[in-house]
Amino acid sequence: MRLPFVISLPHCSGEIPEGIRPAIALTQAEMVDAIDVGTREIFGCLPAERVLCAPWSRLVVDLNRPPGQRDAKGPVALVDYHGRAVYGPHAVPDEKEIEDRLAAYYQPYHRQLQKALQLSHIKGLLDCHSLKGIGPPEAPDAGEKRKDIILGNNGGPDGENNPARGETICTLALLNFMKQVFEEKGFSVSLNVPYAGGFIAAHYGRSLVADGKMALQIEINQDLYVDPLTEEMIPSKVADVRTGIFECLQKIGKAI
């Protein structure tokens, strides 16, 4: 069965263009931290109507930020997820560099995503990410153990509307159904905690909901398939998780 969804993987790559690499002050290991480990191997292999994999690292441009944002965590971020400076003091991108990167690396992905979402037979958007098993210091759940799957519908911890965030992008009934499907497969599930959804899910979700469809941000816990000692992915566990996710999405796709 082909899943009736568009799958977006905005943080699956660690690639950095040769012309940008000298400006980045992070070490190779620190740059690897910017990758949503496992998302390409798990979600990127699923037989969905469209799967979009970011070709470049979020350190080049973060596809999950509004294009007009210009603070330290905008689409061209000045600090990484751990609060470390991305650039040396004399290499911080100016407005021209930011606009050039948006044109070269940001806009092409979003044009592809917009085109995919116009397909009449899709049922929604799944924007997929992965996260560490324990919330790091910069996270809203710092030091806390995380669930296997976090489903984000731009709402509150029970899936309800959060006035501070605007309308939800997936109905509460459908969100609870998805939660049940994942739990029946053996995954522990959290709703909107620690993340309710980023720019991609919220931005495109509004128009999808208006068209009778849905959007969802899915975060998967890396502890499911990453060796805690080597921090390398365990292929057999990746395969098991991918199979479980596929079976869940099959069931969801048939029901909606």
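Structure shown above.
Worth saying up front: this structure is predicted, and the values here are computed from it rather than measured.

What counts and how
Residues numbered from 1 in each chain as written. Predicted model: local features only at pLDDT ≥ 70, side-chain atom pairs only at ≥ 80, totals over all residues. Heavy atoms only, no water. Helix = DSSP H or I, 4+ residues; strand = E, 2+ residues; numbered from the N terminus. Buried < 20%, exposed > 50% of the residue type's maximum accessible area, 1.4 Å probe, protein only. Areas by Shrake-Rupley, 256 points an atom, 1.4 Å probe, with all protein chains shown as cover. Lys, Arg positive; Asp, Glu negative; His and termini not counted. Charge placed at Lys NZ, Arg CZ, Asp CG, Glu CD. Salt bridge = Lys/Arg side-chain N within 4 Å of Asp/Glu carboxyl O. Core = buried A, V, L, I, M, F, W, Y, C linked by side-chain atoms within 4.5 Å. Contact = heavy atoms within 4.5 Å. Polar contact = N/O pair within 3.5 Å; in protein donor to acceptor, adjacent residues only side chain to side chain. Phe/Tyr/Trp six-rings, centres within 6.5 Å; stacked < 30°, edge-to-face > 60°. Pairing = 2+ DSSP bridges. Axes fitted to C-alpha atoms, helices over the stretch in contact; angles between N-to-C directions.

Draft legend 1. Expanded view of the overall build of the chain. Check the secondary structure of the chain and you find six helices and six strands. Starting at the N terminus and ending at the C terminus, the chain contains elements arranged as β-α-α-β-α-β-β-α-β-α-β-α. Across its three principal axes, the chain shows a C-alpha extent of roughly 55 × 40 × 35 Å. For the chain, the proportion of its 256 residues judged to be buried stands at 48%. Put simply, the chain shows about 11900 Å² of open surface, and 53% of that area lies on carbon and sulfur atoms. Within the chain, one finds 27 positive and 33 negative side-chain charges whose respective centroids are separated by 5 Å.

Draft legend 2. Expanded view of the pattern of salt bridges. In total, this model carries 13 salt bridges according to the counting rule given. Notably, a salt bridge pairs Arg146 with Asp141, separated by 2.6 Å at the nearest N-O pair. Note on accessibility: Arg146 and Asp141 belong to one class, buried. Two residues, Glu247 and Lys185, come together in a salt bridge whose shortest N-O distance is 2.4 Å. With a gap of 62 residues between them, Glu247 in helix α6 (residues 235-255) and Lys185 in the loop between α4 (172-184) and β5 (189-191) connect regions that are remote in the sequence. Shared partners join several salt bridges into a network, and the residues in it are Asp33, Asp80 and Arg84.

Draft legend 3. A look at the nonpolar core. Within the largest apolar cluster, 66 residues are counted, with the highest numbers of intra-cluster contacts made by Phe43, Leu151, Phe182 and Ile245. In terms of residue count, the dominant contributor to this core is helix α3 (residues 95-117) (seven residues). Discounting residues that sit within four places of it in the chain, Phe43 has contacts with Ile7, Leu9, Gly38, Val51, Cys128, His129, Ile218, Ile220 and Ile245.

Draft legend 4. Quick peek at the side chain of Asp127. In this fold, Asp127 is placed in strand β3 (residues 124-131). One buried charge, Asp127, has no salt-bridge partner; the nearest side chain with opposite charge is Arg65, at 8.9 Å. Reaching out from Asp127, the side chain makes a polar contact with the side chain of His129 at a distance of 2.7 Å. Once residues within four sequence positions are removed from consideration, Asp127 is found in contact with Ser8, Pro10, Asn64, Ile200, Ala201, Leu216, Gln217 and Ile218.

Draft legend 5. Spatial organisation of the packing of aromatic side chains. Enumeration over the complete set of coordinates arrives at two aromatic pairs. With a centroid separation of 5.6 Å and an interplanar angle of 70°, the aromatic rings of Trp56 and Tyr105 are classed as edge-to-face. With Trp56 in the loop between β2 (48-53) and α3 and Tyr105 in helix α3, the pair connects residues that are 49 residues apart, well separated along the chain. Taking the relative accessible area as the measure of exposure, Trp56 reaches 29% and is therefore partly exposed. Taking 6.1 Å as the distance between ring centres and 65° as the angle between the ring planes, the aromatic pair formed by Phe182 and Phe187 counts as edge-to-face. Owing to a relative accessible area of 1%, Phe182 belongs among the buried residues under this scheme. Look at Phe187 and you get buried, because its relative accessible area is 10%.

Draft legend 6. Highlighting the sheet that holds strand β6 (residues 214-221). Across the sheet, which stays open at both edges, the six strands sit in the order β2-β1-β3-β6-β4-β5 with mixed pairing between neighbours. Since the sheet does not close on itself, it has two edges, and those belong to β2 and β5, each with one partner. Adjacent strand axes in the sheet meet at a mean angle of 20°, parallel and antiparallel pairs treated alike. Each of β4 (149-152), β5 and β6 touches α4; the most contacted strand, β5, lies at about 165° to it.

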